[in-house]
Amino acid sequence: MATALSEEELDNEDYYSLLNVGREASSEELKAAYRRLCMLYHPDKHRDPELKSQAERLFNLVHQAYEVLSDPQTRAIYDIYGKRGLEMEGWEVVERRRTPAEIREEFERLQREREERRLQQRTNPKGTISVGIDATDLFDRYDEEYEDVSGSGFPQIEINKMHISQSIEAPLTATDTAILSGSLSTQNGNGGGSINFALRRVTSAKGWGELEFGAGDLQGPLFGLKLFRNLTPRCFVTTNCALQFSSRGIRPGLTTVLARNLDKNTVGYLQWRWGIQSAMNTSIVRDTKTSHFTVALQLGIPHSFALISYQHKFQDDDQTRVKGSLKAGFFGTVVEYGAERKISRHSVLGLAVSIGVPQGVSLKVKLSRASQTYFFPIHLTDQLLPSAMFYATVGPLVVYFAMHRLIIKPYLRAQKEKELEKQRESTASDILQKKQEAEAAVRLMQESVRRIIEAEESRMGLIIVNAWYGKFINDKSRRSEKVKVIDVAVPLQCLVKDSKLILTEASKAGLPGFYDPCVGEEKSLRVLYQFRGVLHQVTVPDSEALRVPRQSHRIDTDG
């Protein structure tokens, strides 16, 4: 067959899906799938000129897929580089004569080189902006002192402190990284800043070291050394030594942390700190998919305390987390509770209420966007006033849900629609071509499907009654959205063999007779079938494997 396949066709076909085999398929499985499709699409089986032309085109596509996957070398190239790797003239990347293992090894080497170049071009900026707000005048006013002052009828809200810090990393080599950081702070009219430079070197797979130099107008020069070392696969130690020069002389400091993995999700820490604020601290941290738990005890000067905190992680799209903690020590007692939630692709909003003696009541608002953090601690009152606790808890929730419903949700929906529309426009011609190919494949399958159904009916076997592929709407809140599905009963019946239907763990859009009816959206396959005279039904996500018939798919008709 002389019909050549275009580069666009080669770049948009998934050969594994086309043959309906898994990526670990053996040569026998590939051959069986190839022979089955050849019998279906062979041009000599069709006399109609239009069907013959369509069959020839699909036959060449199947033949191309089999040629690539049946040869170990080209299959290894395809698995690593995709179809474009097969089209490279002279194969500039690696020699085609190499074994699959050698090709993979060469690819990993090239990947490491690309990663190193990418690291050298990346600065990885990180920043924090903290703005402290004094709102005690809202709940705890000194009215008797300001009765005659103009404007005293309105509560005074002030910004009493601010902190800004920024850091960038500059990878020098694969093992050396330079880090530059700086900070500015001000509180009640007084402030200052500092700048630090650090050089980090990865000495081995087990450890790294870092030298730090710093200076500021509030503190004198700083020299520090940090060391990290894996002692065993489950235990590591970190040491931080520092010399702080000031008008009062040299202030040395030393912090050592010993950590051990107690199990898969639990780590125990022992910390010893010597210097201006000496202390010993022990803590246990357990982090799982659904929760984060911490318990800690510190004995030190001037602060000794016990801490327990718990965070629950909801398994939703917004990555919602609810947390609470209790901290008690010589300084008093603090109870803190709050939540955080993802409000966009790169942004997380967190709210927390802190209630303590003698600290009072505070509301903490934190917005994290990519590597930048914005923190707003709002001090409401020095006393434990029920009104402050109530408004600190209920007020932010009301504001958040109102903004989420009226602003954030419509904005995200509009952004998603915009992205989907752009994706549809860029793939419109390809989807139209896929649709035409699928319709042609279905026409070519009609005769084979008729014979398969006759054979299955004679043995009370597997009959596909209805099958739909695409976007289904099951949520009542999304009833206004349009259902986008295509009828795939004929393609699925054509894949039935010996009263069995087996689909591999891959997108169904690449199967013969299928195409993607809703680009960029979640898709499912819903099948209603009859086996041994009994109706069965199953719905599976797009990329999930499917095997029918199964007892669990049976429709209960007792009622």
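Residues numbered from 1 in each chain as written. Predicted model: local features only at pLDDT ≥ 70, side-chain atom pairs only at ≥ 80, totals over all residues. Heavy atoms only, no water.

### Remarks on the pattern of salt bridges
Thought 1: Per the counting criterion, the structure on display carries 15 salt bridges.
Thought 2: With a closest N to O distance of 2.8 Å, Glu-437 and Arg-57 form a salt bridge. Of this pair, Glu-437 sits in helix α8 (residues 386-458) while Arg-57 sits in helix α4 (residues 49-70), and the two are 380 residues apart along the sequence.
Thought 3: We classify Glu-437 as buried; its relative accessible area is 9%.
Thought 4: A salt bridge links Glu-456 to Arg-459; the nearest nitrogen and oxygen atoms lie 3.0 Å apart.
Thought 5: You can call Arg-459 partly exposed: its relative accessible area is 45%.
Thought 6: What you see here is one network of salt bridges that share partners, running through Glu-447, Arg-450, Arg-451 and Glu-454. (Salt bridge = Lys/Arg side-chain N within 4 Å of Asp/Glu carboxyl O. Helix = DSSP H or I, 4+ residues; strand = E, 2+ residues; numbered from the N terminus. Buried < 20%, exposed > 50% of the residue type's maximum accessible area, 1.4 Å probe, protein only.)

### Some thoughts on the pairing of strand β7 (residues 235-246)
Thought 1: Two elements, strand β6 (residues 222-232) and β7, share 10 bridges in a ladder whose sense is antiparallel. Looking at the pairing, Phe-223 lines up with Leu-243 of β7.
Thought 2: Hairpin connection of β6 to β7: 2 residues between the antiparallel strands.
Thought 3: The sheet contact formed by β7 and strand β8 (residues 249-261) spans 12 bridges and is antiparallel. Bridge pairing in β8 places Thr-239 opposite Thr-256.
Thought 4: Connecting β7 to the next strand, β8, in antiparallel fashion are 2 residues. (Pairing = 2+ DSSP bridges.)

### With respect to the sheet that holds strand β19 (residues 484-487)
Thought 1: The sheet built from 4 strands is open, its strands ordered β19-β18-β21-β22 with antiparallel pairing. Every interior strand has two partners, whereas the edge strands, β19 and β22 (534-541), have only one. Mean inter-strand twist for the sheet, computed between neighbouring axes without regard to direction, equals 20°. (Axes fitted to C-alpha atoms, helices over the stretch in contact; angles between N-to-C directions.)

### Let's talk about unusual backbone geometry
Thought 1: Geometrically, the link from Val-357 to Pro-358 is a cis peptide bond, its omega value of 10° lying close to zero.
Thought 2: Assignment of secondary structure puts Pro-358 in the loop between β15 (347-357) and β16 (360-369).
Thought 3: Its identity is not glycine, yet Gln-319 carries a phi of approximately 50°, on the positive side.
Thought 4: Using a relative accessible area of 43% as the deciding quantity, one classes Gln-319 as partly exposed.

### Considering the nonpolar core
Thought 1: Leu-19, Val-21, Leu-30, Tyr-41, Val-62, Leu-69 and Met-445 are the most contacted members of the largest nonpolar core, which has 28 residues in total.
Thought 2: Elements with a minimum of two residues in this core: α2 (15-19), α3 (27-41), α4 and α8.
Thought 3: The element that contributes the greatest number of residues to this core is α4, accounting for 9 residues.
Thought 4: Both domains that meet at this core, namely domain 1 (17-122) and domain 4 (428-558), each give it at least three residues.
Thought 5: In terms of nonpolar packing, the next biggest core, distinct from the first, is built from 25 residues, Ile-464, Ala-467, Val-488 and Tyr-515 among them. (Core = buried A, V, L, I, M, F, W, Y, C linked by side-chain atoms within 4.5 Å. Domains from an automatic or database assignment.)

### A closer look at α4
Thought 1: Between its first and last C-alpha atoms α4 spans 31 Å; for 22 residues at 1.5 Å apiece the expected length is 32 Å, and the two agree.
Thought 2: Buried within α4 we find Gln-54, Ala-55, Leu-58, Phe-59, Asn-60, Leu-61, Val-62, Ala-65, Tyr-66, Val-68 and Leu-69. (Expected span 1.5 Å × (residues − 1).)

### Section: the confidence of the model for the protein chain
Atom-level detail of predicted coordinates should not be read off regions where pLDDT is low.
Thought 1: Confidence in the prediction of the protein chain, expressed as mean pLDDT, is 83, and 85% of residues score 70 or more.
Thought 2: Segment residues 1-12 is flagged for pLDDT under 50; beyond a separation of four residues in sequence, or across chains, it makes 27 contacts in the model.
Thought 3: Per-residue pLDDT stays below 50 along residues 89-94; that stretch engages in 11 contacts with residues further than four places along the chain or on separate chains. (pLDDT = per-residue confidence, 0-100. Contact = heavy atoms within 4.5 Å.)

### Topic: the environment of Gly-338
Thought 1: You can see Gly-338 is positioned in strand β14 (residues 332-342).
Thought 2: Exposure remark for Gly-338: the relative accessible area of 15% places this residue in the buried category.
Thought 3: Sequence spacing of Gly-338 and Arg-321 is 17 residues, and the spatial spacing of their C-alpha atoms is 8.5 Å.
Thought 4: Dropping the residues within four chain positions of it, Gly-338 is found in contact with Arg-321, Val-322, Lys-323, Leu-351 and Ala-352.

### Some words on the side chain of Thr-320
Thought 1: With respect to the helices and strands, the residue Thr-320 is situated in the loop between β12 (305-313) and β13 (321-329).
Thought 2: Accessibility expressed as a relative area gives 13% for Thr-320, which makes it buried.
Thought 3: At 2.8 Å, the side chain of Thr-320 and the side chain of Asp-316 are in polar contact.
Thought 4: Among the polar contacts listed, one links the side chain of Thr-320 to the side chain of Arg-341, at a separation of 3.2 Å.
Thought 5: If near-sequence neighbours (up to four positions away) are discounted, Thr-320 is found in contact with His-312, Lys-313, Phe-314, Glu-340 and Arg-341. (Polar contact = N/O pair within 3.5 Å; in protein donor to acceptor, adjacent residues only side chain to side chain.)

### With respect to the packing of α4 against α8
Thought 1: The N-to-C vectors of α4 and α8 enclose an angle of 110°; their axes lie 10 Å apart at closest approach. Classified by the interaxial angle, the pair formed by α4 and α8 is roughly perpendicular. The element α4 and its partner α8 pack so that their crossing is left-handed. In contact with Glu-50, Leu-51, Gln-54, Ala-55, Arg-57, Leu-58 and Leu-61 of α4, α8 contributes Gln-433, Glu-437, Ala-440, Ala-441, Arg-443 and Leu-444. (Parallel < 35°, antiparallel > 145°, perpendicular 65-115°, else oblique. Left-handed = near helix turned anticlockwise from the far one by under 90°.)

### Overview of the pairing of β12
Thought 1: Bridge count between strand β11 (residues 291-300) and β12: 8 bridges; the pairing is antiparallel. Residue pairing in the sheet places Val-295 in a bridge with Ile-308 of β12.
Thought 2: Relative to β13, β12 runs antiparallel, the two sharing 9 bridges. Looking across to β13, one finds that His-312 is bridged to Val-322.

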